[in-house]
Amino acid sequence: MGRGREGVIPPPPQPFPTEGGGNTPCPVGILPGRELLNYNAVGHFPMDDLAIRTEHLTRLYKYRPVRGAKTQRIIEALVDVNLEVKRGELFGLLGPNGAGKTTLIKILTTLLAPTSGRAWVDGLDVVRDYRRIRERINMVAGGENTGYGLLTVRENLWMFAQFYGLDSRTAYQRIDALLAVVGLSDQANTKVSNLSTGMRQKMNFVRGFISDPQIIFLDEPTLGLDVGAARDVRRYIKEWTARPDKTTLLTTHYMVEADELCDRVAIIDRGRVLACDTPAALKRQLQREAIFDLQVSGFLSPARREQLAGLAGVQKFTATQHNGYMDLRLILADESVIGPVVTTLTGDGASILELRKREPTLEDVFVALVGRRLAEDTRQVGDVHLSGERE
């Protein structure tokens, strides 16, 4: 992390009350007909065992929808977020673009102050102890344009290593090892200005690990990478976190990434944490339901959609329109409900092109909680995201 400018972090907020309201760390999420396991109850982990903790963390943005307008609009980027991440854990934040993942990362990496609430990283307050925190962490943001174009890959990485006080011998050893991990060794002496977007992202990933931090924050780290490079990066993340006292907080909207890597995941949407548990436990909550994917010809009218949603036993469904056909995903109380579903669909003149039952995924959990697919962005009217960043 860079040292930043003095004065950009406001004074520490007043202690936030911890009794009488607010969510618990990794709060209980409600799925149809029952509650998720409260895997991380209040005070379940001693503070010394935690790498990251947030308490009623809130971040609001204010902006004027029209230039010169007297009234301001408030965007809730984070609302009463309570999380606990244990030391040595690979913890995932799963949510659509604009859900608040990046805002949370920025607060935890001391780049952004919270509006209210508190957060600790490695036992240190993110507002009061930001200088000490920056010595212990690093961050990789997917799609970030890092480096100086006139320098080579190796020169850029050596320069970043100097910011952390590494001697040249250690720096070059780590550079060479990490470049091999991401398959960029043959481009070590290439100027950054001549790299493709994917190659720049690989270099950015190496930069994040070169200081060998205690805690690494990875914000969509495989964004822009090809399939092979993304697989290598995921393998390295898992191996790195398995080392003693290493902790990773990963944000992603890729199901496979969260399922493959994370010890626990928190599902976040519109700035709120909806559920938190191991991927297996989250999916287990849906195993009593029957999940079907259907491909239907033609177009499903709004009236027929309402009729489908109102059928007994239809707990959730999503529909994606394509050219000449529609994909449906349904979460049903049990398999017997599929009969009335098919009858309703064919009654609108549609034909069933494909029907298959499958095991629940993390996306199904998200749909059950939120009612839409993870791929859909969480946006506000206008050009401001819930993450607080403008397009």
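Please read all numbers here as calculations on a predicted model, not as lab measurements.

Engineer: What's the story with the overall build of the protein chain in this structure? I'm lost.
Structural biologist: Helix and strand counts for the protein chain come out as 11 helices and 16 strands. Counting every position in the protein chain, which comprises 391 residues, the buried fraction comes to 51%. Only carbon and sulfur atoms are counted for the fraction: they give 49% of the accessible area of the protein chain, which is about 18,000 Å².

Engineer: What should I look at first to understand the nonpolar core in this one?
Structural biologist: If you look at the biggest cluster of nonpolar residues, it comprises 49 residues, and the most contacted ones within it are Leu157, Leu179 and Phe209. What Leu179 contacts, discounting residues up to four positions off in sequence, is Val153, Leu157, Leu184, Ser185, Ala188 and Val206. Counting residues in hydrophobic clusters, the runner-up holds 35 residues, among them Ile52, Tyr61, Leu104 and Val273.

Engineer: How do you make sense of the packing of aromatic side chains when you look at a structure like this?
Structural biologist: Each pair of aromatic rings is reported with the distance of its centres and the angle of its planes. As enumerated under the stated definition, the model contains 5 aromatic pairs in all. Between the aromatic rings of Phe160 and Phe163, the centroid separation amounts to 5.7 Å while the plane-to-plane angle is 90°, which identifies the pairing as edge-to-face. Remark: Phe163 and Phe160 occur in helix H3 (residues 153-163); sequence separation between them is 3 residues, near one turn of the helix. For Phe160, a relative accessible area of 15% puts it in the buried group. Between Phe205 and Phe209, the aromatic rings sit 4.8 Å apart at their centres with planes inclined by 45°, giving tilted as the arrangement. Taken together, the residues span about one helical turn, with Phe205 and Phe209 both in helix H5 (residues 197-209) at a distance of 4 residues. Summarising the burial analysis for this pair, Phe205 and Phe209 share the class buried. Members of the aromatic cluster, connected to one another through ring pairs, are Phe205, Phe209, Tyr236 and Trp240.

Engineer: In this structure, what is going on with helix H11 (residues 362-370)? I would like to understand it.
Structural biologist: Along an α-helix, a turn takes 3.6 residues, which lines up residues three or four apart on a common side. With 8 of its 9 residues buried, H11 lies for the most part within the structure. Those residues of H11 that sit buried are Leu362, Glu363, Asp364, Val365, Phe366, Val367, Ala368 and Leu369. Gly371 sits one or two positions beyond H11 and adopts a positive phi of about 90°.

Engineer: Teacher, can you tell me more about the environment of Leu225 here?
Structural biologist: Tracing the backbone through its elements, the reader meets Leu225 in the loop between strand E9 (215-219) and helix H6 (227-241). Taking the C-alpha atoms as reference points, Leu225 and Lys202, separated by 23 residues in sequence, lie 7.6 Å from one another. For Leu225, the contacting residues outside a window of four places in its chain are Gly198, Gln201, Lys202, Ala230 and Val233.

Engineer: Can you walk me through the packing of H3 against H5 in this structure?
Structural biologist: In helix packing, the relevant descriptors are the interaxial angle and the interaxial distance, both defined with respect to the helix axes. Contact geometry for H3 and H5: axes closest at 10 Å, N-to-C directions at 25°. Our classification of the angle between H3 and H5 gives roughly parallel. As H3 packs across H5, the resulting crossing turns out to be right-handed. Between H3 and H5, the residues in contact are Val153, Asn156, Leu157 and Phe160 and Met203, Val206 and Arg207, respectively.

Engineer: Can you walk me through the sheet that holds strand E15 (residues 325-332) in this structure?
Structural biologist: Strand pairing in a sheet is mediated by backbone hydrogen bonds. Such pairs are either parallel or antiparallel. A sheet is described by the order of its strands in space; here 4 strands give the open sequence E14-E15-E13-E16, paired in antiparallel fashion. In the strand order of this sheet, the two ends are held by strand E14 (314-321) and strand E16 (352-358), each with one partner. Ignoring which end each strand starts from, the neighbouring axes of this sheet average 15° apart. Pairing geometry for strand E13 (residues 290-297) and E16, over 6 bridges, is antiparallel. Bridge pairing links Val296 to Ile352 in E16.

Engineer: How should unusual backbone geometry be read in this particular structure?
Structural biologist: For residues other than glycine, phi is negative in most cases, and the peptide bonds are mostly trans. Of note in this structure, His56 is not a glycine but carries a positive phi near 55°. Considering the arrangement of structural elements, one finds His56 in strand E3 (residues 50-63). Residue His56 is classed as buried on the basis of its relative accessible area of 5%. Although it is not a glycine, Asp245 adopts a positive phi angle of roughly 60°. The residue Asp245 is located in the loop between H6 and strand E10 (247-252) in this model.

Engineer: How should the side chain of Lys246 be read in this particular structure?
Structural biologist: Checked against the element boundaries, Lys246 lands in the loop between H6 and E10. Here Gln214 takes part through its side chain, which lies 3.4 Å from a polar atom of the side chain of Lys246. In this structure Lys246 touches Gly88, Glu89, Asp212, Pro213, Gln214, Trp240 and Thr241, once residues within four positions along its chain are discounted.

Engineer: It is not clear to me how the sheet that holds strand E7 (residues 124-125) should be interpreted in this structure. Could you clarify?
Structural biologist: Ordered by their spatial adjacency, 4 strands build an open sheet running E4-E3-E6-E7, and the pairing between neighbours is antiparallel. A strand with exactly one partner marks an edge of an open sheet, and here the two such strands are strand E4 (73-86) and E7. Relative to strand E6 (residues 116-121), E3 is paired through 5 bridges, and the arrangement is antiparallel. Looking at E6, one finds that Arg53 is bridged to Trp120.

Cut-off values and rules
- Residues numbered from 1 in each chain as written.
- Predicted model: local features only at pLDDT ≥ 70, side-chain atom pairs only at ≥ 80, totals over all residues.
- Heavy atoms only, no water.
- Helix = DSSP H or I, 4+ residues; strand = E, 2+ residues; numbered from the N terminus.
- Buried < 20%, exposed > 50% of the residue type's maximum accessible area, 1.4 Å probe, protein only.
- Areas by Shrake-Rupley, 256 points an atom, 1.4 Å probe, with all protein chains shown as cover.
- Core = buried A, V, L, I, M, F, W, Y, C linked by side-chain atoms within 4.5 Å.
- Contact = heavy atoms within 4.5 Å.
- Phe/Tyr/Trp six-rings, centres within 6.5 Å; stacked < 30°, edge-to-face > 60°.
- Axes fitted to C-alpha atoms, helices over the stretch in contact; angles between N-to-C directions.
- Parallel < 35°, antiparallel > 145°, perpendicular 65-115°, else oblique.
- Left-handed = near helix turned anticlockwise from the far one by under 90°.
- Pairing = 2+ DSSP bridges.
- Polar contact = N/O pair within 3.5 Å; in protein donor to acceptor, adjacent residues only side chain to side chain.

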